[in-house]
Amino acid sequence: MEPFEVFVIVVAGGSGLRMQAPVKKQYLPLKGKPVLHHTLQAFGRVEEGRRIVLAVPGEDLEYCRNTLPPLLDTRCELFVISGGEKRLQSVANALAEVKRHCRDSSGTIVLIHDGVRPFVEPGLIRRCLRGAVRKGACVPALSSVDTLKEVDEKGTVVRTVDRKRIFRIQTPQAFRLDLIMKAFDIAAEDGFEGTDDASVAEYAGYGVHVTEGSGRNIKITTGEDMALAEFLLSH
């Protein structure tokens, strides 16, 4: 990715309420190691993905700083920081941390990833990076295989949506650092809260491009997801 520097931001601030587990979902054991460990290791397998800023709840800082680095590839450089009350604030904190360590914000690409997507593959990571280098912003997407319906508040179908132009968006979402930091500044000034980082870039007027996602790149949210993760790791 020369001449670009690359940093990975991993956001792991979830409470795991839908998991109904005594431990936050990012720390649940998956084959004996925390889910979050597997996510970090996935980036450690890619040369460009080994400088990682991890945003976690403030009360988890000590645990993460003591537990995670010894488990990682020694070539990884991990910065553990405190996130915010909401995801976008956690990302903003992490972007500021990247800015402190990078040489030049216009020559840096950031990959922003969910901490509970442990099966991100090297090919997907590199597709996102290449897209961001060429276009400034690139996200992985999967086309919809199901018929899509718009439904009103009474539960009645309003219309069938053309699924050819509807995509499910995953992470990592890749951006040029100066672009996404400017987008976050604009969003903060206007009080805009997007559902993902790409929506913040879109709100600021930047074009966001898509690359092919992966069916294996699941987000662990429920007990069923955890069972699927165990299966995927075993195969």
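Scroll up to find the structure this text is about.
Conventions adopted
Throughout this document, residue positions are counted from 1 along each chain, in the order its sequence is written. Predicted model: local features are reported for residues with pLDDT of at least 70 only, side-chain atom pairs are reported and counted for 80 or more only, and whole-chain, interface and lining totals are derived from all residues. Excluded from the side-chain calculations are hydrogens and water; all other atoms, namely the structure's heavy atoms, are used. A helix here means a DSSP run of H or I that spans at least four residues, while a strand means a run of E at least two residues long, and both kinds are numbered starting from the N terminus. Note that the radius of gyration is over C-alpha atoms, with the globule rule given as 2.2 Å times the number of residues to the power 0.38. Here Asp and Glu are counted as negative and Lys and Arg as positive; His is not counted, and neither are the chain ends. The location of each charge is read from NZ of Lys, CZ of Arg, CG of Asp or CD of Glu. Note on pairing: DSSP must find at least two bridges between two strands before they are called paired. The buried label goes to any residue with under 20% of its type's maximum accessible area, the exposed label to any with over 50%, and the partly exposed label to all in between, with areas taken from a 1.4 Å probe on protein chains only. Residues are treated as being in contact if the distance between any of their heavy atoms lies within 4.5 Å. Salt bridges are identified by distance alone: a Lys or Arg side-chain nitrogen within 4 Å of an Asp or Glu carboxyl oxygen. The way it works is a 1 Å grid over only the protein atoms, where trapped points that fit a 1.4 Å probe form a cavity and open points with protein on both sides within 12 Å along at least five of seven lines form a pocket, and then any residue with an atom within 4 Å of a point lines it. Grid points are joined across faces, edges and corners, and a volume is the space filled by probe spheres set on the points. Gly falls in the polar group here, along with every residue not listed as nonpolar (Ala, Val, Leu, Ile, Met, Phe, Trp, Tyr, Cys, Pro) or charged (Asp, Glu, Lys, Arg). The span you would expect from a helix comes to 1.5 Å times its residue count less one. Within this analysis, the arc is defined by the directions that extend from the helix axis to the C-beta atoms.

Trainee: Give me the overall build of the protein: which residues, what numbers.
Mentor: Scanning the protein from terminus to terminus reveals seven helices and twelve strands. The globule rule puts the C-alpha radius of gyration for 235 residues at 18 Å, and the 18 Å found for the protein is close to it. Treating the 32 positive side-chain charges of the protein as one cloud and the 31 negative ones as another, the clouds have centres 5 Å apart.

Trainee: Which residues make up the pairing of strand β9 (residues 157-161), and what values go with them?
Mentor: Direction of pairing for strand β8 (residues 148-151) relative to β9: antiparallel, over a ladder of four bridges. Paired with E150 across the two strands is R159, which belongs to β9. A loop of five residues connects β8 with β9, the two strands running antiparallel in sequence, and G155 in this loop sits at a positive phi of about 85°.

Trainee: Residues and numbers for unusual backbone geometry, please.
Mentor: The residue after T171, namely P172, is reached through a cis peptide bond having omega 15°. A positive phi angle, close to 55°, is found at K31, a residue other than glycine.

Trainee: Explain the side chain of H38 to me, using residue names and the numbers behind them.
Mentor: You can see H38 is positioned in helix α1 (residues 35-44). H38 sits in the buried class, given a relative accessible area of 14%. If near-sequence neighbours (up to four positions away) are discounted, H38 is found in contact with L30, K33, P118 and L233.

Trainee: How would you sum up the pattern of salt bridges? Please name residues and give values.
Mentor: Evaluation of the coordinates by the stated rule reveals 15 salt bridges. Linking K86 and E193 is a salt bridge whose minimum nitrogen-to-oxygen distance equals 3.1 Å. You can see K86 sitting in the loop between β5 (77-82) and α3 (87-101) and its partner E193 sitting in the loop between α5 (177-190) and α6 (197-203), a full 107 residues away along the chain. Judged by its relative accessible area of 53%, E193 is exposed. With its nearest N and O atoms 2.7 Å apart, the salt bridge here joins R176 to D178. For R176, a relative accessible area of 29% gives the class partly exposed. Given the relative accessible area of 24%, D178 is considered partly exposed.

Trainee: Before we move on, could you go through the layout of surface pockets and cite the residues and values that matter?
Mentor: Regions of empty space are outlined by a rolling probe, equal in size to a water molecule, passed over the atoms. Approximately 380 Å³ is the volume attributed to the second largest pocket. In this structure, the second largest pocket is lined by 17 residues; those nearest its centre are L88, Q89, F184, F192 and E193. Of all elements in the fold, only α3 and α5 reach the threshold of two or more residues within the lining of the second largest pocket. In terms of residue class, the lining of the second largest pocket is made up of nine nonpolar, three polar and five charged.

Trainee: How would you summarise the pairing of strand β11 (residues 173-176) if you had to cite specific residues and measurements?
Mentor: Looking at chain direction, strand β6 (residues 108-114) and β11 are connected through four bridges and run antiparallel. By the bridge assignment, I112 is partnered in β11 with Q173.

Trainee: Give a description of the environment of M181 that names residues and reports values.
Mentor: Summarising the element assignment, M181 is placed in helix α5. For M181, a relative accessible area of 22% gives the class partly exposed. As a C-alpha pair, M181 and L95 span 86 residues in sequence and 6.9 Å in three-dimensional space. Those residues within four positions of M181 in sequence are excluded, and the remaining contacts are L95, A96 and K99.

Trainee: Account for the environment of R45, with residues named and values stated.
Mentor: Within the fold, R45 resides in the loop between α1 and β4 (51-56). When the C-alpha atoms of R45 and D73 are compared, they prove to be 8.3 Å apart, with 28 residues separating the residues in sequence.

Trainee: Report on α5, specifying residues and quantitative values.
Mentor: An α-helical turn contains 3.6 residues, so a residue and the one three or four places further along point in the same direction. Helix length check: α5, at 14 residues, gives a terminal C-alpha distance of 20 Å against a target of 20 Å (1.5 Å per residue), a fit within 8%. Those residues of α5 lying buried are L177, L179, I180, A183, F184 and A187. Viewed along the axis of α5, the buried residues span an arc of 160°, placing them on a single side of the element. Packing partners of the buried residues in α5 comprise α3, β6, β11 and α6. Immediately beyond the C-terminal end of α5, within one or two residues, lies G191, with a positive phi of roughly 75°.

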